[in-house]
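Examining the three-dimensional arrangement
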Amino acid sequence: MAYTKATMKAVDKYVRNNYDSFLVRVPKGRKATVEAAAKKRGESVNGMVNGLLRGVAGLTEYEWKRNGDGMEG
């Protein structure tokens, strides 16, 4: 499926409006380790990291996915 510029623009806008992002740095050579761990769990790296962060924050999946209203760090 070929994406048009309009489709890519719409996806970019959706992501900007619905997600925050940050860079995670791991020691050199550990990227493959993290990718393998995610694959073993049947998840993407992003999904695995989100699940781990959600667990540490003590939030349900619903709470994690909803807008951070009242959730100050």
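Note that this is a predicted model, so its numbers are computed, not measured.

When charged atoms on two side chains of opposite charge get close, those side chains can pair. Inspection of the entire model under this criterion finds two salt bridges. For R41, the salt bridge is made with E43, and the minimal N-O distance between the two is 2.9 Å. For K65, the salt bridge is made with E61, and the minimal N-O distance between the two is 2.9 Å. One end of the pair, K65, and the other, E61, are both in helix 4 (residues 61–65), four residues apart, so they sit about a helical turn from each other. The exposure class assigned to E61 is partly exposed, which follows from its relative accessible area of 44%.

What follows covers the confidence of the model for the chain. Should the pLDDT be low somewhere, the predicted coordinates at that spot are not to be read in detail. Residues of the chain with pLDDT of at least 70 account for 90%, and the chain-wide mean is 90. When the elements of the chain are averaged for pLDDT, helix 4 gives the smallest value, 91, and helix 2 (residues 31–40) the largest, 97.

Calculation notes
Residues numbered from 1 in each chain as written. Predicted model: local features only at pLDDT ≥ 70, side-chain atom pairs only at ≥ 80, totals over all residues. Heavy atoms only, no water. Salt bridge = Lys/Arg side-chain N within 4 Å of Asp/Glu carboxyl O. Helix = DSSP H or I, 4+ residues; strand = E, 2+ residues; numbered from the N terminus. Buried < 20%, exposed > 50% of the residue type's maximum accessible area, 1.4 Å probe, protein only. pLDDT = per-residue confidence, 0-100.

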